[in-house]
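Report on the structure
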Amino acid sequence: MPGITREEVAHLARLARLELKDEELDHFAGQLDDIIGAVARVSDVADEDVPPTSHPLPLTNVMRPDEVHPSLTPEQALSGAPAQEQQRFKVPQILGEE
């Protein structure tokens, strides 16, 4: 596999709108080449009988089923409110808006 060239790094830097110095191009070319090599090694290890996963352990949904239960009527809910208006809690205005 050919290595990443300085020109490819410069092209990627232009696409990302990054200004890189010449020594940075050489440095990043080596680093990107190492990263691509590491990804290639992982691909070599993965076998056809191993399914791709995002987590090492299986995840299950822990949410309970959505069930309707009796709840308070508006009158019951507002019975202890200090102020109410149009079947809603009435609170003091805080933003100076209407």
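Residues numbered from 1 in each chain as written. Predicted model: local features only at pLDDT ≥ 70, side-chain atom pairs only at ≥ 80, totals over all residues. Heavy atoms only, no water.

The chain is annotated in an unreviewed UniProt entry as Aspartyl/glutamyl-tRNA(Asn/Gln) amidotransferase subunit C from Streptomyces radiopugnans. The Sequence similarities (unreviewed entry) field of the UniProt record for the chain holds the comment "Belongs to the GatC family." Listed under Subunit (unreviewed entry) in UniProt, the entry text for the chain is "Heterotrimer of A, B and C subunits." (UniProt positions renumbered as here; feature names shortened; annotations may be inferred.)

**Remarks on the overall build of the chain**
A count of helical and extended segments in the chain gives 3 helices and 2 strands. Sequence-ordered secondary structure for the chain, helices as α and strands as β, is α-α-α-β-β. Computed over the C-alpha atoms, the radius of gyration of the chain is 31 Å, more than 25% above the 13 Å expected from 2.2 N^0.38 for a compact globule of 98 residues. By principal-axis analysis of the C-alpha atoms, the chain measures approximately 75 × 50 × 15 Å. Nonlocal contacts in the chain, meaning residues at least 24 apart in sequence, comprise 26% of its contacts between residues at least 6 apart. (Helix = DSSP H or I, 4+ residues; strand = E, 2+ residues; numbered from the N terminus. Rg over C-alpha atoms; globule rule 2.2 N^0.38 Å. Contact = heavy atoms within 4.5 Å.)

**Regarding the confidence of the model for the chain**
Chain-level statistics for the chain give a pLDDT mean of 87 and a share of 95% at 70 or above. Across the chain, the secondary-structure element scoring lowest on mean pLDDT is helix 2 (residues 22-45), at 88, and the one scoring highest is helix 1 (residues 6-15), at 93. (pLDDT = per-residue confidence, 0-100.)

**Details of unusual backbone geometry**
A positive phi is found at Arg17, a non-glycine position, where the angle reads about 55°. Inspection of the secondary structure assignment puts Arg17 in the loop between helix 1 and helix 2. Despite not being glycine, Gln86 has its phi angle at roughly 55°, a positive value. You can see Gln86 is positioned in the loop between strand 1 (84-85) and strand 2 (88-89).

**Quick look at the environment of Ala40**
Positionally, Ala40 belongs in helix 2. Residue classification places Ala40 among the partly exposed positions, given a relative accessible area of 29%. (Buried < 20%, exposed > 50% of the residue type's maximum accessible area, 1.4 Å probe, protein only.)

**What about the packing of helix 1 against helix 2?**
Look at helix 1 against helix 2: their axes get within 9 Å of each other, and the N-to-C directions meet at 100°. Relative to helix 2, helix 1 is oriented roughly perpendicular. Between helix 1 and helix 2, the residues in contact are Arg6, Val9, Ala10 and Leu12 and Asp22, Leu25, Asp26, Phe28, Ala29 and Leu32, respectively. Classifying every residue of the contact of helix 1 with helix 2 by side-chain character gives 7 nonpolar, no polar and 3 charged. (Axes fitted to C-alpha atoms, helices over the stretch in contact; angles between N-to-C directions. Parallel < 35°, antiparallel > 145°, perpendicular 65-115°, else oblique. Nonpolar A, V, L, I, M, F, W, Y, C, P; charged D, E, K, R; others polar.)

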